Amino acid sequence: MGGCFSDVRGGQQAVGSGGPAAGAAPQELNDAVGYFLHSRGLRGLFTTLELSFSASKLRNLDVLSKSDPMVVLYSKKRDGMLEELGRTEVIMNSLSPAWITKVTINYQFEIVQPLVIRVYDVDTKYHNIPVKMLNLNEQDYLGEASCALSEIVTKPSRSTTLNLQHQRGHSGLHSGTITIHAEETVSSRVAVEMILRCSKLENKDTFSKSDPFLRISKIVESGSSIPICKTEVINDNLNPVWKPVTLSVQQFGSKACLSYSDNPLIIECFDFNSSGKHDLIGKLQTSMSDLEKLGREKNGANFYVSSVARPDNKKAIIGVGEVLQFYDSDRRFLAWGFGGRIAYGSVSHCFNLNGNSEESEVSGVEGIMSAYAMALHNVALAGPTLFGPVINKAAEIASRSLSTRRNKYFILLIITDGVITDLQETKDAIVKASDLPMSILIVGVGGADYKEMEILDADNGKRLESSTGRIATRDIVQFVPMRDVQGSQVSVVQALLEELPGQFLSYMQSRDITPHPAHPREASAPPFPQ
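An unreviewed UniProt entry annotates the chain as Copine of Musa troglodytarum. UniProt lists a comment for the chain under the heading Sequence similarities (unreviewed entry), and it reads "Belongs to the copine family." Recorded in UniProt under Subcellular location (unreviewed entry), the annotation for the chain is "Cell membrane".

Structure (structure tokens):
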């Protein structure tokens, strides 16, 4: 299947929107063999899998742009000969591509099935030739990797990442990595045709309008997303209507879901750039059943850009983190998200930002930013905005520390771009936490109405009261709207942290906790530079 080539016109074409992929032909044979065996009470001797490919840090062989990579998959026979199994589309100007075209293969448990994966940079002059017709000897070789199919299938995530080597048959030069994901195919002849449109899109261009296209991905069992379709690009249009998209159950379904139509899908809208660095306009998480419902009701769904993408968020995280990290001996932080639709469509108001269901801890400020980037890709923003679950989670950890008589003080940093919808529940959580060794810093980004948020920050001298009439022991909240400090001489970090020393001291005094005696050598040092 030809799709994206290194010329602008080729890069604007649709991929995967015409129903079952070209690599799906073996499924027909499998269905026939499967029917023959099942009719005689026998099991099939194989499982049909779809292999998806993505890469990172590929070599750049182009001078004025980036490489235009394509994957070719081979099976290695007993005599060492290679048999080509399939090719992906070509992705324009990308060193970290995620290909849409899948390759179908029959997995046989009882034999070793060696695979060889090669990546090529396709030259611009071949942009009118379908990928199946390309002469690989005329393309630039980027590297290759090899593994057995069972190595992929036996991984819990059904994925493996391999180093690409430049010299065939030798260790050679490291040329980036390639990730292969395997998923069992869904046997169904059902396909869905959709007409997708957007209205009032954000304009990302300066001298013209955005050039939007959609990319549809499905969330697989491991929680990662696999692209399945890309629409064509519509130039200079903030209200685009794309050509009909046809998706088969095999493309959007998953055997991990009881109903194929309920498998989570991510729809992202991008502004096309010929450089290959496309700007995200917005994204949403949905399912085929939700889209069918919207179609029947003739309603639409809103795109959201996750607040993680905002520069203000990064500024607040890095600024506060760089100051406070020196007061944490191991510089390991708990990182949570709230108001996100995570894997399989469930909305969570307190989830581990790094995607690890067991462990929320990350290393350093860099670890927080890395976890945010991962969440931006895998989690869709979803309302309402609830603070209660996150505050209660932090309070639970502070309470456990208190019970073990460990003199630790905890700081919860919340960054939000939404209006709080559980005000009373949040008040109750804060009042309950006011006895604990913790403070809560809240940054409001964007133009939302934060009047109710200011109630939480008891700067007017009136302490918060819970729904049961209990008064907060002390003020533990500092709220700062980012817009109020932009352009002023006081940074958002200074505004956030100005009350923290007083909150810390008030807690220590309430518990009669005094500082540890200074080490003699430290005590002899002058308190200020002379």
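Back to the write-up after that little detour.
Caption draft 1: The arrangement of the overall build of the chain in detail. Across its full length, the chain carries 14 helices and 24 strands. When burial is assessed residue by residue, the chain has 47% of its 530 residues classed as buried. A sequence separation of at least 24 residues applies to 70% of the contacts in the chain between residues at least 6 apart. Roughly 27400 Å² of accessible area belongs to the chain as shown, and the carbon and sulfur atoms make up 52% of that amount.

Caption draft 2: Examining a nonpolar patch on the surface more closely. Nonpolar side chains collect at one region of the surface, where Val 323, Phe 326 and Tyr 327 lie side by side and expose about 380 Å² of accessible area between them. By the secondary structure assignment, Val 323 is in helix H6 (residues 311-324). The exposure class assigned to Val 323 is partly exposed, which follows from its relative accessible area of 35%.

Caption draft 3: Representation of the sheet that holds strand E23 (residues 438-444) in the model. Reading across the sheet, the three strands line up as E22-E23-E24 and stay open at both edges, with parallel pairing between neighbours. Edge positions in the sheet fall to strand E22 (410-416) and strand E24 (477-481), since each of these pairs with one other strand and no more. Across this sheet, the average inter-strand angle for adjacent strands is 15°, counted without regard to direction.

Caption draft 4: The pairing of strand E10 (residues 212-219), seen in detail. Burial runs high along E10: seven of the eight residues are buried. Inspection of the sheet shows E10 paired to strand E11 (residues 225-230) by five bridges, in the antiparallel sense. Paired with Lys 218 across the two strands is Ile 226, which belongs to E11. Between the antiparallel neighbours E10 and E11 lie five residues, among them Gly 223 with a positive phi of about 95°.

Caption draft 5: The arrangement of the pattern of salt bridges in detail. Overall, the coordinates contain nine salt bridges when judged by the stated rule. A salt bridge links Glu 202 to Lys 204; its shortest N-O distance comes to 3.6 Å. A salt bridge links Glu 396 to Arg 400, with the nearest nitrogen and oxygen atoms 3.1 Å apart. Remark: Arg 400 and Glu 396 occur in helix H8 (residues 388-403); sequence separation between them is four residues, near one turn of the helix. By relative accessible area, which is 42% here, Glu 396 ends up partly exposed.

Caption draft 6: Region of interest: the pairing of E24. With five of its five residues buried, E24 lies for the most part within the structure. Taking every second residue as pointing to the same face, both faces of E24 are buried, with Val 477, Phe 479 and Pro 481 on one and Gln 478 and Val 480 on the other. With five bridges connecting them, E23 and E24 associate as parallel partners. Following the sheet pairing, Ile 442 is matched in E24 by Phe 479.

Caption draft 7: Local environment of the nonpolar core. Of all hydrophobic cores here, the largest spans 32 residues; its most connected members are Val 320, Leu 353, Val 443, Val 492 and Leu 497. Every element with two or more residues in this core is listed here: H6, helix H7 (364-378), E23, helix H11 (482-485), helix H12 (492-497) and helix H13 (500-510). With six residues, H7 is the largest single contributor of residues to this core. Residues Ala 429, Ile 430, Met 453 and Ile 476 belong to the second largest nonpolar core, which totals 28 residues.

Caption draft 8: Up close: the packing of aromatic side chains. Tallied over the full model, the rule gives six aromatic pairs. On the basis of an interplanar angle of 70° and a centroid distance of 6.4 Å, the ring pair of Phe 213 and Phe 272 is categorised as edge-to-face. Linking Phe 213 in strand E10 with Phe 272 in the loop between strand E13 (264-271) and strand E14 (279-287), this pair joins segments that are 59 residues apart in sequence. On the basis of relative accessible area, Phe 272 is assigned to the buried category, the value being 5%. Connected via pairs of aromatic rings, a cluster forms that spans Phe 213, Phe 270 and Phe 272. Its end group placed over the ring of Tyr 74, Arg 118 keeps NZ or CZ at 5.3 Å from the ring centre. Positioned over the ring face of Phe 213 is Lys 230, at 5.2 Å from the centre of the ring.

Caption draft 9: Fine view of unusual backbone geometry. The phi dihedral of Asp 236 is positive, around 50°, even though this residue is not glycine. Using a relative accessible area of 44% as the deciding quantity, one classes Asp 236 as partly exposed. With a phi angle near 55°, Arg 331 is a residue other than glycine that sits in the positive phi range. Relative to the elements of secondary structure, Arg 331 occurs in the loop between H6 and strand E15 (332-334). Arg 331 sits in the partly exposed class, given a relative accessible area of 35%.

Caption draft 10: Representation of the side chain of Ser 225 in the model. Its place among the elements puts Ser 225 in strand E11. Ignoring sequence-local partners within four residues, the contact set of Ser 225 consists of Ser 217, Lys 218, Ile 219, Ile 266, His 377 and Asn 378.

Caption draft 11: Focus on the environment of His 377. Checked against the element boundaries, His 377 lands in helix H7. On the accessibility criterion, His 377 (38% relative accessible area) is partly exposed. Taking the C-alpha atoms as reference points, His 377 and Ile 266, 111 residues apart in sequence, are found 9.5 Å from one another. For His 377, the residues in contact, after removing those within four places along its chain, are Arg 215, Ser 225, Ile 266 and Lys 283.

What counts as what
- Residues numbered from 1 in each chain as written.
- Predicted model: local features only at pLDDT ≥ 70, side-chain atom pairs only at ≥ 80, totals over all residues.
- Heavy atoms only, no water.
- UniProt positions renumbered as here; feature names shortened; annotations may be inferred.
- Helix = DSSP H or I, 4+ residues; strand = E, 2+ residues; numbered from the N terminus.
- Buried < 20%, exposed > 50% of the residue type's maximum accessible area, 1.4 Å probe, protein only.
- Contact = heavy atoms within 4.5 Å.
- Areas by Shrake-Rupley, 256 points an atom, 1.4 Å probe, with all protein chains shown as cover.
- Patch = residues over 30% accessible without salt bridge, like charges linked within 9 Å, V, L, I, M, F, W, Y side chains within 5 Å.
- Salt bridge = Lys/Arg side-chain N within 4 Å of Asp/Glu carboxyl O.
- Pairing = 2+ DSSP bridges.
- Axes fitted to C-alpha atoms, helices over the stretch in contact; angles between N-to-C directions.
- Core = buried A, V, L, I, M, F, W, Y, C linked by side-chain atoms within 4.5 Å.
- Phe/Tyr/Trp six-rings, centres within 6.5 Å; stacked < 30°, edge-to-face > 60°.
- Lys NZ or Arg CZ within 6 Å of the ring centre and 35° of its normal.

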